[in-house]
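# Summary of structural features
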Amino acid sequence: MFFKYCMLVVCLLSTCFVSAAENTVFQLTPAVCMVQNSDDVCQIKLNFEWEIETPANVCILRDQTPLKCWQDATNGNFSYKADVQFGTVYSLVNRKSGEKIATAKVKVQSSNSKFQRKRLRTPWSFF
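Residues numbered from 1 in each chain as written. Predicted model: local features only at pLDDT ≥ 70, side-chain atom pairs only at ≥ 80, totals over all residues. Heavy atoms only, no water.

### Some thoughts on the state of the cysteines
- Tallying each qualifying case throughout the model produces two disulfides.
- Disulfide partner of Cys33: Cys42, at an S-S distance of 1.3 Å. Linking Cys33 and Cys42, the disulfide has an S-S dihedral of approximately 50 degrees and is accordingly described as right-handed.
- Each sulfur of the disulfide joining Cys59 and Cys69 lies 1.9 Å from the other. In this structure the cystine formed by Cys59 and Cys69 twists about its S-S bond by roughly 105 degrees; its chirality is therefore right-handed. With a gap of ten residues between them, Cys59 in strand E4 (residues 42-62) and Cys69 in strand E5 (residues 65-84) connect regions that are remote in the sequence.
- Residue Cys69 is classed as partly exposed on the basis of its relative accessible area, which comes to 31%. (Disulfide = S-S within 2.5 Å. Helix = DSSP H or I, 4+ residues; strand = E, 2+ residues; numbered from the N terminus. Buried < 20%, exposed > 50% of the residue type's maximum accessible area, 1.4 Å probe, protein only.)

### Describing the confidence of the model for the chain
- Here the chain averages 79 in pLDDT, while 72% of its residues score no lower than 70.
- Low pLDDT (under 50) marks residues 1-14, which in the prediction has twelve contacts with non-local residues, meaning those over four places away or in another chain.
- pLDDT under 50 marks residues 16-21. Its contacts with residues more than four places away, or in other chains, come to 16 contacts. (pLDDT = per-residue confidence, 0-100. Contact = heavy atoms within 4.5 Å.)

### A few points about the nonpolar core
- Ranked by size, the top nonpolar core spans 24 residues in total, and within it Trp50 and Leu92 carry the most contacts.
- Taken together, the elements giving at least two residues each to this core come down to strand E2 (24-29), strand E3 (32-35), E4, E5, strand E6 (88-94) and strand E7 (100-110).
- Contact partners of Trp50, with chain neighbours within four places excluded, come to Val25, Phe26, Val58, Ile60, Trp70, Ala73, Thr74, Asn75, Gly76 and Leu92. (Core = buried A, V, L, I, M, F, W, Y, C linked by side-chain atoms within 4.5 Å.)

### Digging into the packing of aromatic side chains
- If you walk through the whole model with that rule in mind, you get six aromatic pairs.
- With a centroid separation of 6.2 Å and an interplanar angle of 20 degrees, the aromatic rings of Phe26 and Phe48 are classed as stacked. Taken together, the residues span a long stretch of sequence, with Phe26 in strand E2 and Phe48 in strand E4 at a distance of 22 residues.
- Residue classification places Phe48 among the buried residues on the basis of a relative accessible area of 1%. (Phe/Tyr/Trp six-rings, centres within 6.5 Å; stacked < 30°, edge-to-face > 60°.)

Structure, rendered in structure tokens:
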């Protein structure tokens, strides 16, 4: 029970996938990268942590490209320097079956947003 509460707190601070069926955890921090302009590339150091119940041969993939693989493992840690321009999805995949165990996403946000808030009142209104 304590483990579930700890995971809830950790998941609020990062991108996290927790499966109740197999007690699978796949965590990616940080989950958001800030850039000045929307077309800038974000250079970021990502930290992955994962844990599964049954030992397996697994890999972390970016799109279809393997970044790191483990053999007969139940958990692992991995750090990776990435250049991200758009939201990028990372997956924890079983190498033998090709099945996606979990996914996590890095979001890119710009500080110079093109969105502007619409005025609720006209500038000359007294009320």
